[in-house]
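What follows is the residue order along each chain.
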Amino acid sequence: MIDSTYNSIFEIKLRILLLLEHSRQEFLSSDMIAALDFITVYGKEFNVSDINLHGDNRFKFSELPSRREKVFSALKELVKDNMVDIDLSKGFQFQINNRGYQFIEALESNYAIEYSQIADVVCENYDAMDEAELYKLIQSKSVVPMK
């Protein structure tokens, strides 16, 4: 089996850093990051973008459970790589640090630019919500009436 970079831990690490750069909250939990990342990647479904960065996929909502696990794994690597800081006062919460900022400043891809633009809108609209509210919103979008 060939491992793709699509939704790989490496790609998710990059997306996490870009997302944390735009967050209006000081620290975010891994579940909050996973939800905001999902909304960013599928921004068209949430009216924050004209496109879905990962295309139109009818199984997209089934990605969320595995994305939560991958985000937590990616965050552990980012902590180990000293690109995010961790706060334990309210559970495991994460924040990009100077080394993380330096790393993403070097990114020069169209995908990173598009992701950043959408992440900024997503964070502006959604990162003040609590996790339960955010997951309820995502779940509401996954229910499509039958025609």
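Residues numbered from 1 in each chain as written. Predicted model: local features only at pLDDT ≥ 70, side-chain atom pairs only at ≥ 80, totals over all residues. Heavy atoms only, no water.

J.: How should I be thinking about the overall build of the chain in this particular structure?
T.: Check the secondary structure of the chain and you find six helices and three strands. Along the chain, helices (α) and strands (β) appear in the sequence α-β-α-α-β-β-α-α-α when read from the amino end. What you see for the chain is a C-alpha radius of gyration of 15 Å, in line with the 15 Å of a compact globule of 147 residues. Projected onto its principal axes, the C-alpha positions of the chain cover 50 × 35 × 30 Å. The proportion of buried residues among the 147 residues of the chain is 45%. The long-range fraction of contacts in the chain, counting pairs at least 24 apart against all pairs at least 6 apart in sequence, stands at 70%. Summed over all atoms, the accessible surface of the chain reaches about 8600 Å², with 51% contributed by carbon and sulfur. (Helix = DSSP H or I, 4+ residues; strand = E, 2+ residues; numbered from the N terminus. Rg over C-alpha atoms; globule rule 2.2 N^0.38 Å. Buried < 20%, exposed > 50% of the residue type's maximum accessible area, 1.4 Å probe, protein only. Contact = heavy atoms within 4.5 Å. Areas by Shrake-Rupley, 256 points an atom, 1.4 Å probe, with all protein chains shown as cover.)

J.: Would you explain the packing of aromatic side chains in this entry?
T.: For any two aromatic rings, the description comes down to two numbers: the centre-to-centre distance and the angle of the planes. Taken as a whole and judged by the stated rule, the model has four aromatic pairs. Considering the side-chain rings of F38 and Y42, the 5.2 Å spacing of their centres and the 55 degrees angle between planes classify their relative orientation as tilted. Y42 carries the same exposure label as F38, and that label is buried. Three or more aromatic residues joined by ring pairs form one cluster here, namely F38, Y42 and F46. Just above the ring of Y135 sits the side chain of R68; from NZ or CZ to the centre is 4.6 Å. (Phe/Tyr/Trp six-rings, centres within 6.5 Å; stacked < 30°, edge-to-face > 60°. Lys NZ or Arg CZ within 6 Å of the ring centre and 35° of its normal.)

J.: In this structure, what is going on with the packing of helix α2 (residues 30–41) against helix α6 (residues 131–142)? I would like to understand it.
T.: Each pair of packed helices gets described by two things: the angle between the helix axes and the distance between those axes. Across the interface, α2 lies against α6 with an axial gap of 10 Å and an inter-helix angle of 30 degrees. As judged from the angle between their axes, α2 and α6 are roughly parallel. α6 is crossed by α2, and the crossing has left-handed handedness. Touching D31, M32, A34, A35, L36, F38 and I39 of α2 are E131, L134, Y135 and I138, all from α6. (Axes fitted to C-alpha atoms, helices over the stretch in contact; angles between N-to-C directions. Parallel < 35°, antiparallel > 145°, perpendicular 65-115°, else oblique. Left-handed = near helix turned anticlockwise from the far one by under 90°.)

J.: Would you mind showing me how to read the pairing of strand β2 (residues 84–87) here?
T.: Consecutive side chains of a regular strand alternate in pointing toward one face of the sheet and then the other. Relative to strand β3 (residues 93–96), β2 runs antiparallel, the two being bridged by four bridges. Note on β3: the bridge partner recorded for I86 is F94. Hairpin connection between β2 and β3: a loop of five residues separates the two successive antiparallel strands, and G91 in this loop has a positive phi of roughly 95 degrees. (Pairing = 2+ DSSP bridges.)

J.: Help me understand α6, please; the structure alone is not making it clear to me.
T.: When the terminal C-alpha atoms of α6 are compared, their 17 Å separation across twelve residues agrees well with the 16 Å that a helix rising 1.5 Å per residue should span. Restricting attention to buried positions, one finds in α6 the residues L134, Y135, L137 and I138. Down the axis, α6 shows its buried residues gathered within 150 degrees of arc, on one side only. Residues A132, K136 and Q139 are exposed on α6 and point more than 90 degrees away from its buried face. (Expected span 1.5 Å × (residues − 1). Arc of directions from axis to C-beta.)

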